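# A look at the structure
Next come the chains, spelled out residue by residue.
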Amino acid sequence: MPIDADALYSLTHGLYILGAVDAKGRLVGSTVDAVMQVANKPLVIALSCNNNSYTKECIEQSGAFSLSVMGKTVDPFVVANFGFQSSRTVDKWNNVDYKLCNGLPFLSENIAELHCKVLQKIIYDSNTLFTAEVTGCSKTTGGEPLTYFDYRSSFKTDVMKSFEEFKKNTQASGKDIKMAETKKKWVCTVCGYVYDGEVPFEELPDDYVCPLCGVGKDMFEQQDA
Ligand SMILES: Cc1cc2nc3c(=O)[nH]c(=O)nc-3n(C[C@H](O)[C@H](O)[C@H](O)COP(=O)(O)O)c2cc1C
């Protein structure tokens, strides 16, 4: 049977902001969709992180993370801020309203929040799967959760626009957004993912695939940072 990425997009999830703290106490985070509840007793969820994610490294070190569940009315920039750049070079939480709870950051506006403690991890070539116990969670407001399907079918356009706007404004105001300017910027032409790994894009193996949509290296193009 062939592998058709569209089939996998039918496994739709929600969209969350993952929060953690690095070894120096700096707040880090990323946009994730690969989260699901796997047990009721104990209360356990699974989270899958790309292996090039800095947030993943920090979770491995600290053993704890937060999840803010986004509603359909979330500012599209939140998804871009946490999904299109790395905490290695950007203080993403400074760009949004957030609160701290037991040392972990949460979006001020979310529809539910979860505090999680890592139980196990499984390392695959592309991703690391964590299982984690939910040590605290609350439903903060009503509202429908934003889904990955919403993102792919329509919300992504606004997310990308908001990021372009952000970059323009930041550059215009002379602030250093420390994004991909330090590296070449390679963008997936299918889903908009911006490669931000440590290894220069050109040196990635031929079988490298976009961590978001699964297409090959040949579907990436270089864009001005
Ligand atoms: C809509 C969307 C969904 C994403 N889902 C995941 C995911 O489930 N797991 C993951 O590790 N990265 C996911 N990403 C990619 C990360 O958010 C992205 O690689 C981010 O730049 C990592 O930042 P970090 O290096 O600060 O951890 C997603 C990005 C977007 C825009």
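Residues numbered from 1 in each chain as written. Predicted model: local features only at pLDDT ≥ 70, side-chain atom pairs only at ≥ 80, totals over all residues. Heavy atoms only, no water.

## Considering the site of the ligand
Residues in contact with the ligand amount to 25 residues; listed here are only the nearest, Asp-33, Asn-50, Ser-53, Thr-55 and Ser-87. Backbone polar atom of Thr-31 to an oxygen atom of the ligand: 2.8 Å apart, as the coordinates give it. Between a nitrogen atom of the ligand and a side-chain N or O atom of Asp-33, the distance comes to 2.6 Å. Protein contacts shield 98% of the accessible area of the ligand, which totals 650 Å² for the unbound molecule. At the level of secondary structure, the elements contributing two or more residues to the shell around the ligand comprise strand 2 (27-32), strand 4 (44-50), helix 2 (54-62), helix 3 (76-83) and helix 4 (148-172). (Near = heavy atom within 4 Å. Polar contact = N/O pair within 3.5 Å; in protein donor to acceptor, adjacent residues only side chain to side chain. Areas by Shrake-Rupley, 256 points an atom, 1.4 Å probe, with all protein chains shown as cover. Helix = DSSP H or I, 4+ residues; strand = E, 2+ residues; numbered from the N terminus.)

## Details of the state of the cysteines
In protein chemistry, a disulfide is the covalent bond that joins the sulfur atoms of two cysteines. In this structure the tally under the stated criterion is zero disulfides. Cys-210 carries a free sulfur, and the closest cysteine sulfur to it, the one in Cys-191, is 3.6 Å from it. Owing to a relative accessible area of 2%, Cys-210 belongs among the buried residues under this scheme. (Disulfide = S-S within 2.5 Å. Buried < 20%, exposed > 50% of the residue type's maximum accessible area, 1.4 Å probe, protein only.)

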